[in-house]
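Here's the letter readout for the chains.
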Amino acid sequence: KNTTRQTHTPLLEHYNYYTMASNGTAHGSFNVALMTSGGLAPCLSSSVAHLITYWKEAKDTGKISGLSIRCYRDGYKGMLIGDSFVVDDAAFAGVDALHDLGGSPIGNSRVKLTNIKDCLARGFIKEGETPLEVAAQQLLKDEINVIHTIGGDDTNTQAAELAKYIAEKHGGKITVVGMPKTIDNDVYPIKQTFGADTAAQEGSKYFQNVVSESTANPRMLIIHECMGRDSGYLTAATARAYHDSVKAQKFCAPFPTCSASRDVHAVYIPEVSIDIEKEGARLKKIMDEQDCVNVFLSEGSGVKDIVAEMEARGEEVPRDAFGHVALAKINPGVYFSKRLAELVDAQKTLVQKSGYYARSAPANAFDKELIGKCAKIGVESAIAGVTGCMGEDEDKEGTPIRAIEFERIKGGKPFDTTLGWFQDLVKEIGQVE
């Protein structure tokens, strides 16, 4: 464990950066850092495993002459306070076990390196220090020349800013190769972010049990709230996966529990405006016929209206270190369910959130394959000194996997509601004609 903070600018004579020679032989050793940051997603453990595997392969095949891998505990927090560990030979041998684990094997935190006030309040820096300088000193002390940041757009763009800071202020060079983690699948210009597919499948699995609560009470309204601050991808993909599972399920007539009663009846996401009165009338017919209504709701739906009401009442809107509204504290599902319950004449309303269940799962086969392909090319990019965030580049012909330039990485990509599978879904459930 490394917990000693560097308090002076280190000499850079020994802080060398190594690249591949044109003939493929190694020029030197690589000191690689790994960190995971932000909320969980079903990809963190698998990303760490794949990266370590491909770095070890590079050393074993002679592409590089030496290798050290350091992991910073709890993301940028560990970098700021000097809390890290070096991966030893035993870990290299057993790293495949991480593929079957959810969560992060290193630990996450939500820390913004430009938010001095927050870092100071949480004890990560001292009075008079800046997070960027403290983090830079730690990386220089540890002689890191490659960082793999496994996180969302905030995590990866912060790392790029840190590398730029070190180059400008200290004359050092660090190659940053990010891995795009977010279950929202909302990062430009990346086709598919890590963990999003797994989270949708796990959310479907979650509701396959919860839906049985519709048989516990007459006129039951169940709101399945999925994560998704600004993007409806996860809610839509979860609803699709669940709808497909209902179509594959066998039922027994004349028992009233059937595909019509257990199916998803509405999908509400931020990208699609809702005529709540019209939807209430449609869903009331389903309630009258099936004795239940099942709604899949994105947690970001209606947030602007809730925030506006809170501010009008003079209430403080809870936000995180990045300025995002703390959705868990304003509870959009409960807010939305009260209005819909009145319209469908529900006797009982149940709001269930699958987010923590879905995001904590191990990566599924689809995500493991995607992560593996990106990790392999990511290590090659790092060795070649190419900085960027790995992913399938939607702006390039054929959507190749490559290290995408950080200046092109941006969050907030909306879900494309014109996709054929989404249009088929809302038509099949009767939400649109």
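Thresholds, definitions, all that
Residues numbered from 1 in each chain as written. Predicted model: local features only at pLDDT ≥ 70, side-chain atom pairs only at ≥ 80, totals over all residues. Heavy atoms only, no water. Helix = DSSP H or I, 4+ residues; strand = E, 2+ residues; numbered from the N terminus. Contact = heavy atoms within 4.5 Å. Polar contact = N/O pair within 3.5 Å; in protein donor to acceptor, adjacent residues only side chain to side chain. Salt bridge = Lys/Arg side-chain N within 4 Å of Asp/Glu carboxyl O. Buried < 20%, exposed > 50% of the residue type's maximum accessible area, 1.4 Å probe, protein only. Phe/Tyr/Trp six-rings, centres within 6.5 Å; stacked < 30°, edge-to-face > 60°. Pairing = 2+ DSSP bridges. Right-handed = clockwise from strand over helix to strand, strands pointing away. Axes fitted to C-alpha atoms, helices over the stretch in contact; angles between N-to-C directions. Parallel < 35°, antiparallel > 145°, perpendicular 65-115°, else oblique. Left-handed = near helix turned anticlockwise from the far one by under 90°. Core = buried A, V, L, I, M, F, W, Y, C linked by side-chain atoms within 4.5 Å.

A look at the environment of Arg-408
Now for step 1: Take Arg-408: it is sitting in the loop between strand 11 (401-404) and helix 16 (420-428).
Now for step 2: Counting along the chain gives 219 residues from Arg-408 to Pro-189, while the straight-line C-alpha distance between them is 7.1 Å.
Now for step 3: Residues in contact with Arg-408, not counting those within four places in the same chain, are Tyr-188, Pro-189, Asp-393, Asp-395, Lys-396 and Arg-402.
Now for step 4: Within the structure, the side chain of Arg-408 is placed 2.9 Å from the side chain of Asp-393, a separation counted as a polar contact.

Observations regarding the pattern of salt bridges
Now for step 1: Following the criterion strictly, the structure yields 21 salt bridges and no others.
Now for step 2: For the salt bridge of Asp-83 with Arg-73, the shortest nitrogen-to-oxygen distance reads 2.8 Å. With Asp-83 in the loop between helix 2 (76-81) and strand 3 (84-86) and Arg-73 in the loop between strand 2 (66-72) and helix 2, the pair connects residues that are 10 residues apart, well separated along the chain.
Now for step 3: Taking the relative accessible area as the measure of exposure, Asp-83 reaches 11% and is therefore buried.

Remarks on the packing of aromatic side chains
Now for step 1: With the rule as written, the count across this model stands at 10 aromatic pairs.
Now for step 2: Considering the side-chain rings of Phe-207 and Phe-296, the 4.9 Å spacing of their centres and the 70° angle between planes classify their relative orientation as edge-to-face. Residue Phe-207 is located in helix 7 (residues 196-210), and its partner Phe-296 is located in strand 8 (residues 292-298); the two are separated by 89 residues in the primary sequence.
Now for step 3: Aromatic side chains Phe-415 and Trp-421 sit 5.6 Å apart centroid to centroid with 50° between the ring planes, which places their arrangement in the tilted category.

Remarks on the pairing of strand 8
Now for step 1: Judged by how many residues are buried, strand 8 sits mostly within the fold: seven of seven residues are covered.
Now for step 2: Judged by which residues are buried, strand 8 turns out to be covered on both faces: Cys-292, Asn-294, Phe-296 and Ser-298 on one side and Val-293, Val-295 and Leu-297 on the other are all buried.
Now for step 3: Two elements, strand 6 (residues 220-226) and strand 8, share seven bridges in a ladder whose sense is parallel. Paired with Glu-225 across the strands is Leu-297, a residue of strand 8.
Now for step 4: In this structure, strand 7 (residues 266-268) lies alongside strand 8, joined through three bridges in parallel fashion. Following the sheet pairing, Val-267 is matched in strand 8 by Phe-296.
Now for step 5: Between the parallel elements strand 7 and strand 8, the chain passes through helix 10 (residues 276-290) in a crossover that is right-handed.

Focus: the packing of helix 7 against helix 8 (residues 233-248)
Now for step 1: Their axes nearest at 8 Å, the elements helix 7 and helix 8 cross at an angle of 50°. The angle between the axes of helix 7 and helix 8 places the two elements in the oblique class. For the pair helix 7 and helix 8, the sense of crossing is right-handed. Contact residues: helix 7 offers Ala-196, Asp-197, Ala-199, Ala-200, Gln-201, Gly-203, Ser-204, Phe-207 and Gln-208, while helix 8 offers Tyr-233, Leu-234, Ala-237, Thr-238, Ala-241, Tyr-242 and Ser-245.

Quick word on the nonpolar core
Now for step 1: Counting 66 residues, the largest nonpolar core has Leu-34, Ile-52, Trp-55, Ile-69, Met-179, Val-267 and Phe-422 as the members making the most contacts within it.
Now for step 2: At eight residues, the largest contribution of residues to this core is made by helix 1 (residues 44-60).
Now for step 3: In contact with Phe-422, not counting residues within four places along its chain, are Ala-236, Val-267, Ile-269, Phe-415 and Thr-417.
Now for step 4: Judged by nonpolar contacts, the second largest core, of 33 residues, contains Phe-124, Leu-162, Tyr-165 and Ile-404.

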